[in-house]
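Structural features, examined
For reference, the chains in residue letters:
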Amino acid sequence: MGGAPAASAGGRCERPPLLPRVAASQGGGMLGKGVGGGGGGTKAPKPSFVSYVRPEEIHTNEKEATEKEVTLHLLPGEQLLCEANTVLKCVQEDSCQRGIYGRLVCTDFKIAFLGDDESALDNDETQFKNKVIGENDITLHCVDQIYGVFDEKKKTLFGQLKKYPEKLVIHCKDLRVFHFCLRYTKEEEVKRIVSGIIHHTQAPKLLKRLFLFSYATAARNSPATDPKKHAVMFDTLQDWCRELERTKGNVKYKEVSVNEGYKVCERLPAYFVVPASLLEEDIAFFQGRGIPIWCWSCHNGCALLKMSALPKEQDDGLLQIQKNFLDRIYKTIHRPPYETAKTEDLSSNFLSLQEIQMAYSKFKQLFLIDNSTEFWDTDIKWFSLLESSSWLDIIRRCLKKAVEIIECLEAQNMNVLLLEDNASDLCCLISSLVQVMMDPHCRTIFGFQSLVQKEWIMGGHCFLDRCNHLRQSDKEEAPMFLLFLDCVWQLVHQHPPAFEFTETYLTVLSDSLYIPIFSTFFFNSPHQKDMNVHQRQLSLPLTQSKSSPKRGFFREETDHLIKNLLGKRISKLINSSEELQDGFREFYDSWHSRPPSYQGLLLPHLEGPEIKVWAQRYLRWIPEAQILGGGGVATMSKLLEMMEEVQRLQEKIEARHHSQEAPQAEAASPQRTSGRLSSLFPFALLQRHSSKPVLPTSGWKALGDEDDLAKREDEFVDLGDV
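Residues numbered from 1 in each chain as written. Predicted model: local features only at pLDDT ≥ 70, side-chain atom pairs only at ≥ 80, totals over all residues. Heavy atoms only, no water.

1. A short note on the overall build of the chain
Note the following rule: A run of H or I in DSSP becomes a helix once it reaches four residues, and a run of E becomes a strand once it reaches two; helices and strands are each numbered from the N terminus. Only protein chains enter the calculation, and the probe is 1.4 Å; a residue is then buried if its accessible area is under 20% of its type maximum, exposed if over 50%, and partly exposed in between. In what follows, residue pairs with any heavy atoms lying within 4.5 Å of each other are defined as contacts. Using the Shrake-Rupley algorithm and a 1.4 Å probe, accessible areas are obtained, with residue cover drawn only from the displayed protein chains.
When you go through the chain residue by residue, the secondary structure sums to 24 helices and 16 strands. Within the chain, buried positions represent 58% of all 722 residues. Taking all contacts inside the chain whose residues are at least 6 apart in sequence as the whole, residues at least 24 apart take part in 76%. Entry remark: accessible area of the chain is about 30900 Å², with carbon and sulfur atoms responsible for 51%.

What follows is the structure, encoded as structure tokens:
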């Protein structure tokens, strides 16, 4: 991460600080793998050979810098918007301001810093670099907040500026922090680059103006990927039919095409699965609302279903129609073989989007660190701040809710019906977690990608709104998909042998939320993606009538319906809440008392210390939180070195045993380098020199052999191109 303190960068220094022209070991950019497939990782810390230049020498060396200027690599369809020369990308080390001299540019895809140190980098680490964006690139969608430093004071920047800052500080959604000093840049260039960055990252946008459309048009003739490596897209009846057959749910459920062409509901996918006895006219009656939609079938025949709320009624006549409709749905759910079912009203009895967003807003501030001083200032109260954010508690509640549903499916042989206003937020989260825990197929790379496609993309999760990609309103913003990935990480961290992928895969997937190259995470519904409309009300007409998440699944006027039709009748078929809680505890303790079977059911540990911070994603840009040359991967690398040495010695002994002649001198085998390894591999940064101890990280899980990891993570396949 970049970072000099705002206070030290804002004013003129009495003695000009030294500024490195070449600092190959400087960290701070995004070092993960690209969405299109690529090695995740970082540059290795290099020997400290740095050519320094004083600020007053910068302008006299512009000609030399121009000759060494790094070429800006543009993607197909990408256009340069504005740029500024003589910009210093600052770092903080030993309380001495340092920086890399280069050029800051803004395109319609990213903000990029082009330093003059690029030619000094070795080419042997290409596999560890992002294949879509560079180390010092920030996609426009990844920008969270922009600050300017004026006379040693940091202020938020937005709109038109009357005065331009001496320093630009950018906080990113992947938790990177960049500091760009503009004191030595021409005034006109400062105005252009600052205004351009603010406009293209903070101003509201239209969907059709997103870069992914320009890229899709320009890259239309690119080589097609192997269809065998694609996830199941669930955009055909055949995909749903095969999923029913795989889970053995094709006896009780059927795939339907009543919404083909989105003629019934633009919120639902063109094809989906419902109970076999459900009439197609009932599906179309309320535009797909109030319909039990199949998610997954358990090995014992029980199923997980979800249902969205009916539209708000307008008069008594419509109220009676809704009552009759719900009565038919009730009979469908509870006729054989659907005799028993448990309802989970996620809108009124669980988390709200506001709670999740508020918790994450507090949580992320722990990792948006400007400099080493700020890091150590928060060290004493770090754990109390972590607890007060409630983010880990939200993760625990989500995992616990999934385990409760699993207990109903697995131990009590009940169908479970998830209820939510739009069935596209918490339903996506909980149903996905249940399947990851119960279905080993979902713990493979191919199965996990297919799960995301089925439950999140086809499930109508509003990525455009929840990620606030258009910057039109932050009221609907909530990191639902990141919450899901964090919950999955807890499982991967606790049971690594059960998964075909590592935490690096999840980290890269979280980064891809803000890379507008692929269409996966940039639409509110399958219909919006297919039609490429630019106004949300055209693709999601039913989302305009908003209600507080606290009000429950049905509106106040129909509360008696949920009680009469889906409350009292169902309550006769299930145990009381206390008995359910007792059953949950018994089920949970019983599973954890046995050795886990990684090809079957998988449950997380829910006790306080077991829910941890996802260190690789949240701490990867903070050098103080890393152990360079240490951690699980470095330990594994050293063990492999020792094993290779033992093997060579054994070969020498065998050669001496079988031959009287002295063995010829063997060339020394190349030793593994652990310079680029750290406790947060493959995201490693240069450690800031400090007399203070680093955070203890010895408890973090090993990731495996570095070469094997790079090879496995390079197999990442995107979930759907434009």
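2. Regarding helix 14 (residues 445–457)
The condition that has to hold: Expected span of a helix: the number of residues minus one, times 1.5 Å.
Compared with an ideal rise of 1.5 Å per residue, which puts 13 residues at 18 Å, helix 14 spans 17 Å between its outermost C-alpha atoms and is within 8% of the ideal. Judged by how many residues are buried, helix 14 sits mostly within the fold: 12 of 13 residues are covered. Buried within helix 14 we find I445, G447, F448, Q449, S450, L451, V452, Q453, K454, E455, W456 and I457.

3. Describing the nonpolar core
Buried together is how nonpolar side chains tend to be arranged in soluble globular proteins. Which entries qualify depends on this criterion: Buried residues of nine kinds, namely Ala, Val, Leu, Ile, Met, Phe, Trp, Tyr and Cys, make up a nonpolar core once their side-chain atoms join them within 4.5 Å.
Grouped together as the largest cluster of nonpolar side chains are 135 residues, with contacts concentrated most on F448 and F484. The residues touching F448, leaving out its near neighbours within four places in the chain, are V436, H441, C442, F484, L485, V488, F501, Y505, L506 and L509. By size, the runner-up hydrophobic cluster in this structure holds 31 residues, among which are Y271, V273, L278 and L310.

4. A look at the packing of helix 13 (residues 426–438) against helix 14
This is how the line gets drawn: Comment: axis = line fitted to C-alpha atoms, over the contacting stretch for helices; angle = value between 0 and 180 degrees taken between N-to-C directions. Note on terminology: angles under 35 degrees are roughly parallel, angles over 145 are roughly antiparallel, angles of 65 to 115 are roughly perpendicular, and the others are oblique. With the far helix as reference, a near helix turned anticlockwise by less than a right angle produces a left-handed crossing, and one turned clockwise produces a right-handed crossing. Any residue that is not Ala, Val, Leu, Ile, Met, Phe, Trp, Tyr, Cys, Pro, Asp, Glu, Lys or Arg is counted as polar, Gly included; the first ten are nonpolar and the last four charged.
Close contact between helix 13 and helix 14 brings their axes to 10 Å; oriented N to C, the two are set at 150°. The orientation of helix 13 relative to helix 14 falls into the category roughly antiparallel. Of the two possible hands of crossing, helix 13 and helix 14 adopt the one that is right-handed. Between helix 13 and helix 14, the contacting residues are C428, L429, S431, S432, Q435 and V436 on the first element and F448, L451, K454, E455 and W456 on the second. Taken together, the residues of the contact of helix 13 with helix 14 sort by class into six nonpolar, three polar and two charged.

5. Side note on the pairing of strand 10 (residues 177–181)
Convention followed: Pairing between strands is defined by DSSP: at least two bridges between the two strands are required.
Counted residue by residue, strand 10 has five buried out of five residues, so it is predominantly covered. Of the two faces of strand 10, both are covered, the one formed by V177, H179 and C181 as well as the one formed by F178 and F180. Sheet analysis places strand 9 (residues 167–172) next to strand 10, joined by five bridges and oriented antiparallel. By the bridge assignment for strand 10, K167 is matched with C181. Taking the residues that link successive antiparallel strands as the turn, the strand 9-strand 10 hairpin has four residues, and the phi of L175 there is positive, at about 80°.

6. Digging into the packing of helix 14 against helix 16 (residues 480–494)
What describes two packed helices is the angle between their axes and the distance between those same axes. Between helix 14 and helix 16, whose axes approach to 13 Å, the crossing angle comes to 145°. Considering how the two elements wind past one another, helix 14 and helix 16 form a crossing that is right-handed. Seen from helix 14, the contacting residues are F448, L451, V452 and W456; seen from helix 16, they are M480, F481, F484, L485 and V488. Split into classes, the residues belonging to the contact of helix 14 with helix 16 amount to nine nonpolar, no polar and no charged.

7. A few points about the confidence of the model for the chain
Rules: Scored between 0 and 100, pLDDT is the confidence that the predictor attaches to each residue.
Across the chain, the average pLDDT comes to 77, with 70% of residues at or above 70. Taken as a whole, residues 533–580 scores under 50 in pLDDT and shows 100 contacts with residues more than four places along the chain or in a different chain.

8. Quick notes on the packing of aromatic side chains
Going by this rule: Each Phe, Tyr or Trp ring, with Trp reduced to its six-membered ring, pairs with another whose centre is within 6.5 Å; inter-plane angles below 30 degrees give stacked pairs, above 60 give edge-to-face pairs, and intermediate values give tilted ones. Placement of a charge over a ring requires the Lys NZ or Arg CZ to be within 6 Å of the ring centre, with the centre-to-atom vector within 35 degrees of the ring normal.
Using the criterion set out here, one finds 33 aromatic pairs in the structure. On the basis of an interplanar angle of 40° and a centroid distance of 6.4 Å, the ring pair of Y253 and W294 is categorised as tilted. Here Y253, found in strand 11 (residues 253–256), pairs with W294, found in strand 13 (residues 293–297); they are 41 residues apart in sequence, far enough to count as distant. Judged on exposure class, the residue Y253 and its partner W294 are both buried. Taking the centre distance of 5.8 Å and the plane angle of 5° together, the rings of F448 and F484 count as stacked. Placement of F448 in helix 14 and of F484 in helix 16 is noted, with a sequence separation of 36 residues between them. Across the pair, F484 and F448 agree in class, each one buried. What links up through ring pairs into an aromatic cluster is the set Y360, F363, F367, W382, F383, W391, W489, W614 and Y618. The ring of Y147 carries the charged tip of K154 above its face, separated from the ring centre by 4.8 Å. Above the ring of F683, the side-chain terminus of R620 is found at 4.8 Å from the ring centroid.

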